[in-house]
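Fold and geometry: a report
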Amino acid sequence: WVADIACGVGWSSIAIARAYPKAVVHGFDLDRSSIEMAHRYAAEAGVADRVRFEVRDVADPSLRGSYDLAVVIEAIHDLSKPVETLAAIRRVLTPGGTLTIAVPDEPPGLDPTTSPAAAIARIVYNNLLEGLVKLNMQGEIVPALAERYEVSPDGTVFTFTLRQGVKFHNGR
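This is a predicted model, so every value here is computed, not measured.

1. What about the overall build of the chain?
Of the regular secondary structure elements, the chain holds four helices and nine strands. The order of helices and strands in the chain, counted from the N terminus, is β-α-β-α-β-β-α-β-α-β-β-β-β. In the chain, which comprises 172 residues, the share counted as buried stands at 28%. Summarising the internal contacts of the chain: among those between residues at least 6 apart in sequence, 51% fall at separations of at least 24.

2. Structural notes on the sheet that holds strand S5 (residues 93-102)
Sheets are built from strands paired through backbone hydrogen bonds, the pairs being either parallel or antiparallel. Pairing in this open sheet of five strands is parallel, and the strands run S3-S2-S1-S4-S5 from one edge to the other. With one partner strand each, in any of the chains shown, strand S3 (51-55) and S5 form the two edges of the open sheet. On average, each strand axis in the sheet is tilted by 20° relative to the strand beside it, whichever way the strands run. Relative to S5, strand S4 (residues 67-73) runs parallel, the two sharing six bridges. Pairing of Val-71 across the sheet is with Thr-100, part of S5. Packed onto the sheet, helix H1 (residues 11-19) meets strand S1 (2-5), strand S2 (25-29), S3 and S4 and runs at close to 175° relative to S2.

3. A word on the layout of surface pockets
Over the atoms, a rolled probe matching the size of one water molecule traces out where space is still vacant. Taken as a whole, the second largest pocket encloses approximately 350 Å³ of empty space. Forming the walls of the second largest pocket are 17 residues, and the residues nearest its centre are Leu-30, Asp-57, Val-58, Leu-79 and Thr-85. If you tally residues by element for the lining of the second largest pocket, the top one is helix H3 (residues 82-92), at four residues. Each residue belonging to the lining of the second largest pocket can be placed in one class, and the counts come to eight nonpolar, two polar and seven charged.

4. Looking at the nonpolar core
A general feature of soluble globular proteins is that nonpolar side chains tend to end up buried together. Formed by 14 residues in total, the largest nonpolar core has its most connected members in Ile-16, Ala-17, Val-25, Ala-42, Val-47, Val-51 and Phe-53. Counting only elements with at least two residues in this core, the list comes to H1, helix H2 (32-45) and S3. Setting aside chain neighbours within four positions, we find Ala-17 in contact with Val-25, Val-47, Arg-50 and Val-51. One finds Phe-28, Val-58, Val-72 and Leu-93 within the second-largest nonpolar core, a separate group that totals 13 residues.

5. Some remarks on H2
End to end, H2 covers 20 Å across 14 residues, agreeing with the expected 20 Å (1.5 Å per residue, within 8%). Among all positions of H2, only Ser-34, Ile-35, Ala-38 and Ala-42 are buried. Mapping the buried residues of H2 onto a view down its axis gives an arc of 95°, with all of them on the same face. Exposed residues on H2 whose side chains face more than 90 degrees from its buried face are Arg-32, Ala-43 and Glu-44. Looking at the buried positions of H2, the neighbouring elements they touch are H1, S2 and S3. Looking one or two residues beyond H2, the residue adopting positive phi is Gly-46, at roughly 80°.

6. Focus: the environment of Thr-100
Mapped onto the secondary structure, Thr-100 falls in strand S5. A relative accessible area of 37% means that Thr-100 is categorised as partly exposed. Other than its neighbours up to four places away in sequence, Thr-100 contacts Leu-69, Ala-70, Val-71 and Val-72.

7. Examining unusual backbone geometry
At Ala-6, a residue that is not glycine, the phi angle is positive and equals roughly 60°. If you trace the backbone, Ala-6 turns up in the loop between S1 and H1. Its identity as a non-glycine residue notwithstanding, Glu-74 has a phi of 50°, on the positive side. Within the element layout of this structure, Glu-74 appears in the loop between S4 and H3.

Basis of the calculations
- Residues numbered from 1 in each chain as written.
- Predicted model: local features only at pLDDT ≥ 70, side-chain atom pairs only at ≥ 80, totals over all residues.
- Heavy atoms only, no water.
- Helix = DSSP H or I, 4+ residues; strand = E, 2+ residues; numbered from the N terminus.
- Buried < 20%, exposed > 50% of the residue type's maximum accessible area, 1.4 Å probe, protein only.
- Contact = heavy atoms within 4.5 Å.
- Pairing = 2+ DSSP bridges.
- Axes fitted to C-alpha atoms, helices over the stretch in contact; angles between N-to-C directions.
- 1 Å grid on protein atoms, 1.4 Å probe; cavity = no way out; pocket = protein on both sides within 12 Å on 5 of 7 lines; lining within 4 Å.
- Points joined across faces, edges and corners; volume = space filled by probe spheres on them.
- Nonpolar A, V, L, I, M, F, W, Y, C, P; charged D, E, K, R; others polar.
- Core = buried A, V, L, I, M, F, W, Y, C linked by side-chain atoms within 4.5 Å.
- Expected span 1.5 Å × (residues − 1).
- Arc of directions from axis to C-beta.

Here's what the structure looks like:
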């Protein structure tokens, strides 16, 4: 069973059902008018027997452990509470279930030093590279790969102490 989280008007749920004829897809969204359109589109596409849509929060405890796969297509960046939503999605998955997130960004390359595209930061920095420090939700610099860091009194030397077990790209 597949849960399509923040499904909007249902195009992703319909596409999954068309691509996988044995799949049962449940689309969830909090916008009633989108869900009403999704019902209509699924019927027109001929997949309404395997695709169901609901105005429902995936944090609903009755959904716990119900899905083998959850997908979030182009929606994480729109959520008001993405961390809480991801935690709720983890709970609706069966043990060993999979979450797939599709991001609408396509960076021009993966080298963050060669392009000003905002997509690079979202794709590369958040998924491929991890910095010594990062910004927290309050905009403060906090340790990431570094356990701690110190700045010399004149501000010209930064000394980082790495967390236990951190390795560089070459395995050292």
